[in-house]
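Structural characterization, general
If you want the building blocks of each chain, they are given just below.
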Amino acid sequence: MSELNHILIVEDEESIREPLASYLSDNDYRVKEAGNAEEARKLMSVYHFNLVILDIMMPGENGISLCRHIRETYNTPTIMLTAKTEEVDRIVGLEVGADDYVSKPFSPRELLARMHAVLRRVHEAPKVGIDSQNANYSFGDWVLKTAEQVLVDAEGINISLSTGEYNLLLAMVNRPNRVLSREQLLDLSQGRDAEHFDRSIDNMISRLRRKVELDPKKPKIIKTVWGGGYSFNSDVRQI
């Protein structure tokens, strides 16, 4: 798998970026390097990347802003690097669409293992429901297009989804009006090898609500079942 993957490292510290690039190259990855967000944007406009390793704290545009841009524009999976250890910093990274995070200082072998897990989830997206990889799903005013992995609103406008958001929504539309626990949703959307904690499901649910609910604070489609998990309360049709 790894020899097919093209990785972008966005890190302003050469002492971290260059040895990491060398390590990944030795492990059969193709690697490009960027010292800041501006360089990363230029490289992403030219090359297709399978994964971005992204530092949060950089001069100029920070990693949080760049991660949001990547999700909205390319839907490329990202792993964030952060020197901070507070839970809130990890949550912010996940909320803007990061697929995983690694705290500095980190072991290159640990990062490589997390890369493998993220890429495996992307390449082996959960196959749920009947012909789910080719079907489109209609619910409320929305259509989920599985080929493009996008939501389409009532006006025909495409709404981008991160890999995690798409997998989670696909799992839920295949199981409407059923209570699904966080553990079940983690299994269905990310696989048993997921390194995320349960809070990541809550964060992705919040992001999905901001996209599909008229009032995310009073959700009608994705409902919280206290003590149980979540339920997708909408009639779903394959079209």
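One structure accompanies this document, and this report is about it. (Residues numbered from 1 in each chain as written. Predicted model: local features only at pLDDT ≥ 70, side-chain atom pairs only at ≥ 80, totals over all residues. Heavy atoms only, no water.)

1. Observations concerning the overall build of the chain
What counts here: Numbering of helices and strands starts at the N terminus; helices are DSSP runs of H or I of at least 4 residues and strands are runs of E of at least 2. Note on classification: 1.4 Å probe, protein chains only; a residue is buried when its accessible area is under 20% of the maximum for its type, exposed when over 50%, partly exposed between these limits. The contact definition used throughout considers only heavy atoms, calling two residues in contact when any of these lie within 4.5 Å. Areas reported as accessible are Shrake-Rupley estimates using a 1.4 Å probe. Residue values count occlusion only from the protein chains shown.
Within the chain, the secondary structure is distributed over 8 helices and 13 strands. Every one of the 239 residues in the chain was classed for burial, and the buried ones make up 51%. Considering only contacts in the chain between residues 6 or more positions apart, those separated by 24 or more positions represent 61%. Here the chain displays about 11,700 Å² of accessible surface, and carbon together with sulfur accounts for 47% of that area.

2. Re the sheet that holds strand β2 (residues 30-34)
Inclusion rule: In this scheme, strands are said to pair when DSSP sees at least two bridges between them. What counts as an axis is a line fitted to C-alpha atoms, over the stretch in contact for a helix, and the angles between N-to-C directions run from 0 to 180 degrees.
Spatially, β2-β1-β3-β4-β5 is the arrangement adopted by the 5 strands of the open sheet, whose pairing is parallel. Two strands bound the open sheet, and with one partner strand each, they are β2 and β5 (100-103). Direction aside, the axes of adjacent strands within the sheet are offset by 20° on average. Pairing analysis gives 4 bridges linking strand β3 (residues 51-55) to strand β4 (residues 78-82), with the strands arranged parallel. In the strand pairing of β4, V52 is matched with T78.

3. Description of the environment of A135
You can see A135 is positioned in the loop between α5 (108-123) and β6 (136-139). Look at A135 and you get buried, because its relative accessible area is 8%. Placed 103 residues apart in sequence, A135 and Q238 show a C-alpha to C-alpha distance of 6.2 Å.

4. Observations concerning helix α1 (residues 14-26)
Our working definition: The span expected for a helix works out to 1.5 Å for each residue beyond the first. The directions considered for the arc run from the helix axis to the C-beta atoms.
If you check α1, its first and last C-alpha atoms are 18 Å apart, about what 13 residues at 1.5 Å a residue would give, namely 18 Å. Turning to α1, its buried residues are I16, R17, L20, A21 and L24. Take α1 and look down its axis: the buried residues cluster within an arc of 120°, on one side only. Facing away from the buried side of α1 by more than 90 degrees, the exposed set consists of S15 and D26. D28 lies just past α1 and shows a positive phi near 75°.

5. As for the pairing of strand β7 (residues 142-145)
Residues W142 and L144 of β7 are buried on one face, while the alternating residues V143 and K145, pointing to the opposite face, are not. Across 4 bridges, β6 lies against β7 in antiparallel orientation. In the sheet register, S138 faces β7, and the bridge partner there is V143. Linking two consecutive strands that pair antiparallel, namely β6 and β7, is a turn of 2 residues; a positive phi of about 55° is found at G140 within it. Where β7 folds back on strand β8 (residues 150-152), the antiparallel hairpin that results is connected by 4 residues, among which Q149 adopts a positive phi of roughly 55°.

6. Observations regarding the packing of aromatic side chains
To describe a pair of aromatic rings, you give the distance between the ring centres and the angle between the ring planes. Quick reminder of the rule: Each Phe, Tyr or Trp ring, with Trp reduced to its six-membered ring, pairs with another whose centre is within 6.5 Å; inter-plane angles below 30 degrees give stacked pairs, above 60 give edge-to-face pairs, and intermediate values give tilted ones. Our definition puts a charge over a ring when NZ of Lys or CZ of Arg is within 6 Å of the ring centre and also within 35 degrees of the ring normal.
Scanning all chains against the criterion turns up 2 aromatic pairs. Note on F139 and F232: the rings are 5.1 Å apart at their centroids and 75° apart in plane angle, and the pair reads as edge-to-face. Of this pair, F139 sits in strand β6 while F232 sits in strand β12 (residues 229-232), and the two are 93 residues apart along the sequence. Looking at F139, the relative accessible area reads 0%, which means it is buried. Between K32 and the ring centre of Y47, over which it is positioned, the NZ or CZ distance is 4.4 Å.

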